[in-house]
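# Structural description and commentary
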Amino acid sequence: MIKQSKQVLIAEDDIFLTNVMGKIFKQHGLRVTIVNNGKEALEAIKREMPDLLLLDLLMPVLDGHAVMDEMKAK
């Protein structure tokens, strides 16, 4: 049986933070997807079903609160 690594979705508009977080998670064998706004986060959640979501609350296009509200509604 092949062990699949866990998927982490980082929704953050600060490039420095995404680079640091992404590097750390990848060093621990996790798959990482990075998006820059809430709209992209919702699309990635549907597509990838991440095991962990790191969500910035203050993002452009759609903020983190709106992302959470949308997830709760579904």
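Summarised in this report is the structure supplied together with it.

Calculation criteria
- Residues numbered from 1 in each chain as written.
- Predicted model: local features only at pLDDT ≥ 70, side-chain atom pairs only at ≥ 80, totals over all residues.
- Heavy atoms only, no water.
- Salt bridge = Lys/Arg side-chain N within 4 Å of Asp/Glu carboxyl O.
- Helix = DSSP H or I, 4+ residues; strand = E, 2+ residues; numbered from the N terminus.
- Buried < 20%, exposed > 50% of the residue type's maximum accessible area, 1.4 Å probe, protein only.
- Core = buried A, V, L, I, M, F, W, Y, C linked by side-chain atoms within 4.5 Å.
- Contact = heavy atoms within 4.5 Å.

### Some points on the pattern of salt bridges
The full count for this structure, using the stated rule, is three salt bridges. Note that K39 and E43 form a salt bridge whose closest N and O atoms lie 3.1 Å from each other. Note that K39 and E43 are positioned in helix α2 (residues 38–48) at a spacing of four residues, about one turn of the helix. For R47, the salt bridge is made with E48, and the minimal N-O distance between the two is 3.5 Å. Residue E48 is classed as partly exposed on the basis of its relative accessible area of 27%.

### Topic: the nonpolar core
By size, the foremost hydrophobic cluster in this structure holds nine residues: L9, A11, V35, A41, L42, A44, I45, M59 and V67. Secondary-structure elements contributing two or more residues to this core are β1 (7–11) and α2. Broken down by element, this core gets its largest block of residues, four residues, from α2. Sequence-distant contacts of L42, defined by excluding residues within four places in its chain, comprise L62, V67, E70 and M71.

Keep in mind these values describe shape, not function.
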